[in-house]
Amino acid sequence: MGIFAEIKEDFSNAYKNDPALTSKLDFLFNYPGVWAVAWHRIGHKLYINNFKRTARIIMGVTQILTNIDIHPAAQIGRRVFIDHGTGVVIGETAIIEDDVLIYQGVTLGGVSLTHGKRHPTIKQGAVIGAGAKVLGNIEIGEHAKIGANSVVVKAVPDCSTAIGIPAHVIEKGRCKDPFMHNMLPDINKEMFEYLLKRVAVLEHILVKDNKEVLEQDLELEHIYESFIKSMKN
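Description of the structure in this document. (Residues numbered from 1 in each chain as written. Predicted model: local features only at pLDDT ≥ 70, side-chain atom pairs only at ≥ 80, totals over all residues. Heavy atoms only, no water.)

1. Side note on the packing of aromatic side chains
At step 1: Under the definition given, this model contains 1 aromatic pair.
At step 2: Ring plane angle 55° and centroid distance 5.2 Å describe the contact between phenylalanine 11 and tryptophan 35, whose orientation is recorded as tilted. Taken together, the residues span a long stretch of sequence, with phenylalanine 11 in helix α1 (residues 3–17) and tryptophan 35 in helix α3 (residues 32–48) at a distance of 24 residues. (Phe/Tyr/Trp six-rings, centres within 6.5 Å; stacked < 30°, edge-to-face > 60°. Helix = DSSP H or I, 4+ residues; strand = E, 2+ residues; numbered from the N terminus.)

This is how it looks when you write it as structure tokens:
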């Protein structure tokens, strides 16, 4: 497929991925992610044909206009959609396969200053949530999903969902489910709830077996309350 056919496909893909897109005027002014990918296709073609300075200039101007930073050497497949796009950064050796969805604030960055492959590979159909940071020469599997604001430093298997800082895989084998940000579990909240319940059980055991511990605990509570009152005053 030629470069302009790919760009035309990118434009058509925007209508499929965003129900808010209803007019060509909206498309012209409100979809910087699509325009950034389109200009990258031109810049990448120039870059691999050794017109590197021209490619860098094109992508520099594109960054100013769209607030999206894509290195012209990065490899981007067909029908890649950057939704909203503000703050997206895609490094030099990043590889993005077909049908990947990227939300605003995503970084596909490196963690090494050495030459060679140092940025992520995003496999076909993956979804990278808003604000996520995918760092290093790692692979995000096919149809994998990365939760918003996650920091991914290890590979994520196919059909998996990863969330957290650092990101942990919480679900596997779910390729066809839509990426629902509001349905992702709050692992920090679940851990705190577990700890609170655990402490309550231990307190019950201590109080039952040792009344002196209860008296010491009440004394500590009074000290804590006095401290809080003094801070407020």
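The rest of the description comes next.
2. Considering a nonpolar patch on the surface
At step 1: Together, Ile57, Val61, Ile64 and Leu65 make up a nonpolar patch on the protein surface, roughly 460 Å² of accessible area in all.
At step 2: As for its placement among the helices and strands, isoleucine 64 is situated in helix α4 (residues 52–66).
At step 3: We classify isoleucine 64 as exposed; its relative accessible area is 72%. (Patch = residues over 30% accessible without salt bridge, like charges linked within 9 Å, V, L, I, M, F, W, Y side chains within 5 Å. Areas by Shrake-Rupley, 256 points an atom, 1.4 Å probe, with all protein chains shown as cover. Salt bridge = Lys/Arg side-chain N within 4 Å of Asp/Glu carboxyl O. Buried < 20%, exposed > 50% of the residue type's maximum accessible area, 1.4 Å probe, protein only.)

3. Some details on a negative patch on the surface
At step 1: A surface patch of negative charge is lined by Glu203, Asp217, Glu221 and Glu225.
At step 2: At 3 residues, helix α6 (residues 211–232) tops the list of elements feeding residues into the negative patch.
At step 3: Here glutamate 221 shows up in helix α6.
At step 4: What makes glutamate 221 partly exposed here is its relative accessible area of 39%. (Lys, Arg positive; Asp, Glu negative; His and termini not counted. Charge placed at Lys NZ, Arg CZ, Asp CG, Glu CD.)

4. Some thoughts on the side chain of threonine 107
At step 1: With respect to the secondary-structure elements, threonine 107 resides in strand β7 (residues 107–109).
At step 2: Take threonine 107: its relative accessible area is 18%, and that puts it in the buried class.

5. Side note on the sheet that holds strand β5 (residues 95–96)
At step 1: Here 4 strands make up an open sheet; going across it, the order is β2-β5-β8-β11 and the pairing parallel. At either end of the open sheet lies a strand with only one pairing partner, and these are β2 (75–76) and β11 (139–140).
At step 2: Summarising the sheet, strand β8 (residues 121–122) and β11 pair through 2 bridges and their orientation is parallel. Its bridge partner lying in β11, threonine 121 is registered against glutamate 139. (Pairing = 2+ DSSP bridges.)

6. What to know about the nonpolar core
At step 1: Among the nonpolar cores identified, the biggest contains 30 residues, and Ile70, Ile90, Ile96, Ile102, Ile122, Ile128 and Ile140 are the most heavily contacted of them.
At step 2: Within the residue set of this core, elements represented by two or more residues are α3 and α4.
At step 3: Once residues within four sequence positions are removed from consideration, isoleucine 96 is found in contact with Gln75, Ile76, Gly77, Val80, Ile90, Ile102, Leu108 and Ile122.
At step 4: Counting 10 residues, the second largest nonpolar core, distinct from the first, contains Ala14, Tyr31, Leu101 and Tyr103. (Core = buried A, V, L, I, M, F, W, Y, C linked by side-chain atoms within 4.5 Å. Contact = heavy atoms within 4.5 Å.)

7. Here we look at α4
At step 1: Along its 15 residues, α4 runs 21 Å from first to last C-alpha, staying within 8% of the 21 Å computed at 1.5 Å per residue.
At step 2: Here α4 has its buried residues at Ala55, Ile58, Met59, Thr62 and Thr66. Projection of α4 onto a plane perpendicular to its axis shows the buried side chains occupying an angular sector of 90°, all on one side. Within α4, the exposed residues directed more than 90 degrees away from the buried face are Arg53, Ile57 and Ile64. (Expected span 1.5 Å × (residues − 1). Arc of directions from axis to C-beta.)

8. Some details on the environment of valine 153
At step 1: As for its placement among the helices and strands, valine 153 is situated in the loop between β13 (151–152) and β14 (161–163).
At step 2: For the pair formed by valine 153 and histidine 168, sequence separation is 15 residues and the distance between their alpha carbons is 9.7 Å.

9. Details of the environment of isoleucine 70
At step 1: For isoleucine 70, the location among the structural elements is in strand β1 (residues 69–70).
At step 2: Overall, isoleucine 70 belongs to the buried group, its relative accessible area being 1%.

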